[in-house]
Amino acid sequence: MADITGDQRIQSEVLEGLATAVNHRRWFVELALPHLGDNPIEIGSGLGDYAIEWAEHLPKFTATEADPDRLVLLKERMAEFSNIDVKQMLLPVENPAGEYSAAVSYNVLEHIEDHVGALRSMKELVRPGGKVIIIVPAFMFAMSQVDIATGHIRRYTKKTLGAAFTEAGLEIETIHYANALGLLGYYTATSIFKLAPKEGPMVKVYDSVVLPVTKAAERLVRPPFGQSVFCVARSPR
């Protein structure tokens, strides 16, 4: 089993801060939704913000968390949603059962040393032909003290993430950068001004003003860079 990397307290603070970025979350919810199928599992659900929004559109959803303290909070929050099951899970999974329509994981793979093994494990969680859906932070030049404190081992390009998917035996359907202006803002905030992406005026202005413009532009043209890399791949039939 892989270790849980990074300071769990700082991770929780960042998650709580980013939970206020509603437009950002809804954009990324929309990216994965067409690929989830009828019974997906999320790896690393954190506080459950994505899980709740995805589950509104699905008959069944499984949320997971590796950190024991966040798992308790996740179970408490999900108790009111009858179609959401909560499990403790750490990648790679031992003896996974391929019962899910998709495995989705946002901003988790960069914490895992054996990321190819983690992707193989996600592939084995899904049915033949099921999807593996990933978002990870992009570009090593943007690696900051915030990344290091929260346990990021690496940041990705389309090339490096695609290579990991291919090595794991997954067939890539789509891979692209997302949130180009977000990368510039993240680099400026964390590398130049040494700030953490916590709740505050900066996050609110970005989410309400900058994000909608970025989302609209990227619906028309895929940018050559972004804050994140989004990838959807298929498990071989």
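Residues numbered from 1 in each chain as written. Predicted model: local features only at pLDDT ≥ 70, side-chain atom pairs only at ≥ 80, totals over all residues. Heavy atoms only, no water.

In the annotation of an unreviewed UniProt entry, the chain is listed under the name Class I SAM-dependent methyltransferase and assigned to Actinoplanes subglobosus.

1. Examining the nonpolar core
Nonpolar side chains in soluble globular proteins tend to end up buried together. Within the largest apolar cluster, 33 residues are counted, with the highest numbers of intra-cluster contacts made by Leu-109, Leu-119, Met-122, Ile-134, Leu-161 and Phe-165. Per-element tally for this core: the top contributor is helix α5 (residues 115-125), with 5 residues. Leaving out residues up to four positions away in the same chain, Leu-161 has contacts with Leu-109, Ile-134, Val-136, Tyr-156, Ile-175, Val-229 and Cys-231. Membership of the second largest hydrophobic core comes to 29 residues, among which are Leu-74, Val-104, Ile-135 and Tyr-206. (Core = buried A, V, L, I, M, F, W, Y, C linked by side-chain atoms within 4.5 Å. Buried < 20%, exposed > 50% of the residue type's maximum accessible area, 1.4 Å probe, protein only. Helix = DSSP H or I, 4+ residues; strand = E, 2+ residues; numbered from the N terminus. Contact = heavy atoms within 4.5 Å.)

2. A few points about a nonpolar patch on the surface
Among the surface-exposed residues, Phe-141, Tyr-187, Ile-192, Phe-193, Leu-195 and Met-202 lie close enough to one another that they form a single nonpolar patch of about 620 Å² accessible area. Topologically, Leu-195 is positioned in the loop between α8 (180-192) and α9 (201-220). On the accessibility criterion, Leu-195 (36% relative accessible area) is partly exposed. (Patch = residues over 30% accessible without salt bridge, like charges linked within 9 Å, V, L, I, M, F, W, Y side chains within 5 Å. Areas by Shrake-Rupley, 256 points an atom, 1.4 Å probe, with all protein chains shown as cover. Salt bridge = Lys/Arg side-chain N within 4 Å of Asp/Glu carboxyl O.)

3. A short note on the packing of aromatic side chains
Counted according to the given criterion, the structure contains 9 aromatic pairs. Between Phe-28 and Tyr-106 the ring centres are 6.2 Å apart and the planes differ by 85 degrees, which places this aromatic pair in the edge-to-face class. Here Phe-28, found in helix α2 (residues 22-32), pairs with Tyr-106, found in strand β4 (residues 100-106); they are 78 residues apart in sequence, far enough to count as distant. Under the relative-accessibility criterion, Phe-28 is labelled buried at 1%. Aromatic pair Tyr-50 and Tyr-106: ring centres 5.0 Å apart, planes at 80 degrees, arrangement edge-to-face. Of this pair, Tyr-50 sits in helix α3 (residues 49-55) while Tyr-106 sits in strand β4, and the two are 56 residues apart along the sequence. When its relative accessible area of 16% is taken as the criterion, Tyr-50 is described as buried. A relative accessible area of 6% places Tyr-106 in the buried class. What links up through ring pairs into an aromatic cluster is the set Trp-27, Phe-28, Tyr-50, Trp-54, Phe-61 and Tyr-106. (Phe/Tyr/Trp six-rings, centres within 6.5 Å; stacked < 30°, edge-to-face > 60°.)

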